[in-house]
Amino acid sequence: MRMMSAPWITLLLVTFAVVSVPLTVRAGGLSDRLQQGVANLLTSPPEDHRVQVETLVPGSRRLTEPYGEDPLQALDVYLPSHATDAPILVMVHGGGWKEGDKGEPHVVVNKLKRWLPQGFIVISVNTRLLPQAMAYEQAEDLAKAMKWIQGHARNWGGRSDKIILMGHSSGGHLVALLSSKPSMVGKPWAGTVALDTSALHIPSKMRKSHLPFYDAAFGSDPGYWTKASPMNQWTAKAVPMMLVCSSKRPDKPCSEAKEFQKQAAHAGREMIVSPQNLSHAEINDTLGESNAYTGAVETFIMRQLAGR
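All values reported here derive from a predicted model rather than from experimental measurement.

Novice: Could you clarify how one ought to interpret the sheet that holds strand 4 (residues 121–125) in this entry?
Specialist: The strands that make up a sheet pair up through hydrogen bonds in the backbone, lying either parallel or antiparallel. Pairing is mixed across the open sheet formed by eight strands, whose spatial order is 1-2-4-3-5-6-7-8. The open sheet has two edge strands with one neighbour each: strand 1 (61–66) and strand 8 (272–276). Neighbour-to-neighbour, the strand axes of this sheet turn through a mean angle of 20 degrees, independent of strand direction. Sheet analysis places strand 3 (residues 86–92) next to strand 5 (residues 158–168), joined by six bridges and oriented parallel. The residue bridging Ala-86 from the neighbouring strand is Gly-158, located in strand 5.

Novice: I'm lost on the environment of Ile-202 in this one. Help?
Specialist: Examined against the element boundaries, Ile-202 turns out to sit in helix 7 (residues 202–207). For the pair Ile-202 and Lys-227, spaced 25 residues apart in sequence, the C-alpha to C-alpha distance is 9.0 Å. For Ile-202, the contacting residues outside a window of four places in its chain are His-173, Phe-218, Trp-225, Ala-228, Ser-229 and Pro-230.

Novice: Whenever I open this one, the side chain of Ser-124 confuses me. Can you help?
Specialist: Note on placement: Ser-124 falls in strand 4. Overall, Ser-124 belongs to the buried group, its relative accessible area being 0%. A polar side-chain atom of Ser-124 sits 2.7 Å from the main-chain carbonyl oxygen of Lys-102. With residues up to four places along the chain from it excluded, the contact list for Ser-124 reads Leu-75, Asp-76, Tyr-78, Met-91, Lys-102, Val-107 and Val-108.

Novice: What am I meant to see in the pattern of salt bridges here?
Specialist: Where charged atoms of side chains with opposite charge meet at close range, the side chains can pair. The tally for this structure, following the rule as stated, stands at eight salt bridges. As a salt-bridge pair, Glu-298 and Arg-114 come within 3.0 Å of each other at their nearest N and O atoms. In this pair, Glu-298 sits in helix 13 (residues 292–306) while Arg-114 sits in helix 4 (residues 105–115), placing the two residues 184 residues apart along the sequence. In this structure Glu-298 comes out as buried when scored by relative accessible area, which is 13%. As a salt-bridge pair, Glu-270 and Arg-303 come within 2.9 Å of each other at their nearest N and O atoms. Here Arg-303 lies in helix 13 and Glu-270 lies in the loop between helix 11 (253–266) and strand 8, a separation of 33 residues in the sequence. Ionic contacts of the salt-bridge type, sharing partners, join the residues Asp-196, Arg-249 and Asp-251 into one network.

Novice: How should I be thinking about the packing of aromatic side chains in this particular structure?
Specialist: For any pair of aromatic rings, geometry is given as the distance between the ring centres together with the angle between the planes. If you walk through the whole model with that rule in mind, you get seven aromatic pairs. Here the aromatic residues Trp-97, Phe-213, Tyr-214 and Phe-218 are joined through ring pairs into a cluster of three or more. Residue placement shows Lys-227 over the ring face of Tyr-136; its charged tip is 4.5 Å from the ring centre.

Novice: How should unusual backbone geometry be read in this particular structure?
Specialist: Keep in mind that most residues, glycine aside, have a negative phi and that most peptide bonds are trans. Note the cis peptide between Leu-130 and Pro-131, where omega equals 0 degrees. For Pro-131, the position within the fold is in the loop between strand 4 and helix 5 (135–152). With a phi angle near 50 degrees, Asp-85 is a residue other than glycine that sits in the positive phi range. By secondary structure assignment, the location of Asp-85 is in the loop between strand 2 (74–79) and strand 3. With phi around 50 degrees, Asp-196 is a residue other than glycine that occupies positive phi space.

What counts and what doesn't
- Residues numbered from 1 in each chain as written.
- Predicted model: local features only at pLDDT ≥ 70, side-chain atom pairs only at ≥ 80, totals over all residues.
- Heavy atoms only, no water.
- Pairing = 2+ DSSP bridges.
- Helix = DSSP H or I, 4+ residues; strand = E, 2+ residues; numbered from the N terminus.
- Axes fitted to C-alpha atoms, helices over the stretch in contact; angles between N-to-C directions.
- Contact = heavy atoms within 4.5 Å.
- Buried < 20%, exposed > 50% of the residue type's maximum accessible area, 1.4 Å probe, protein only.
- Polar contact = N/O pair within 3.5 Å; in protein donor to acceptor, adjacent residues only side chain to side chain.
- Salt bridge = Lys/Arg side-chain N within 4 Å of Asp/Glu carboxyl O.
- Phe/Tyr/Trp six-rings, centres within 6.5 Å; stacked < 30°, edge-to-face > 60°.
- Lys NZ or Arg CZ within 6 Å of the ring centre and 35° of its normal.

The values are spatial; any link to function lies outside them.
So this is what it looks like as C-alpha cells:
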C-alpha cells in the first residue's frame, strides 16, 4: 500500500476538523476547543509575519490599526518606550504592487532596531494590492493612511509635522508619487526617502520593454500613466526627496533618478540621488545597519526634521 505524504495527511485532518465541528460543537469541551483551533488556523496571519518588537527593542510595543474599511487598509504602529514630540518614520513595503506585507521582517526589523532607540515612532503600512487596486489607487490608499497618521500622531506622543515617508521598490514609487503631489494628502510632511524604484517616469517606462506586472499596475491608458507618474506630477511644491538607487541593476534606476534630479534642479529645488553598490533587495534589507549607507539616509532624515 502506498504511504500518504505529510501534506495530504495534514489536509485530511483539517478537512475532517472543518466538517466535523458543526456536528460535535453542541457536546462542548474538546469539540469547542477544536472549533476554535480550526478557526484560528483559517483566519490568523502567520506568526512569522509578526515582528516581536518587545523582544527586539525592549520597552517598545506594537499597535495594529485600520485606516480604512478594507482589511489591507491597515498599519502597524511601533512605539518607543517613551514618546514625547517624537518624529515618525512611515515605511511602505515593495512587491511589484501585487504582494508583500507590512509585517515582513526584512521590511521593518533593521529600521526598528535603528530608529526606535532614537525615540522615533515607526509605522509600517499596507495598501490594497493588484488586482484589487492598481498603482494610482494604491497611492490613494497611502494618502489616506498618511492623513490618518497625521490625525493620530498626538495620541502616540508623536509630531504630525515631523514625518518621514519611506518606501522600497513599488513602495518607492508610491511615496515618490505622493511626495511629487502632496495635495493628495493635503498637509505636507518633512521629507521622503524612495528606496530603489525604477518607476519614476511611467509613460517612458510603459513605452519601452517592461515586465508584465507593469501592465497590471498601470494599464494601457497614457492618461493614467501620466497621473501615476512621479516625474509628471512633480512641481516645486513637492516634499523634499532622497532617491536611493542600486548601481548593480541592469535597468539602471540611477539614470532615471538623476533625470528626476535634473528636473528638480531646473525648478530651483534640491533632490538628493544616492547610488549604492547594493542589490535591489540589499538596499531595503541593510538600511538601519551600521554602515555608510544608513548614515547618508539618516543625515537626510535629520536635516529635514531640523527644519520643522
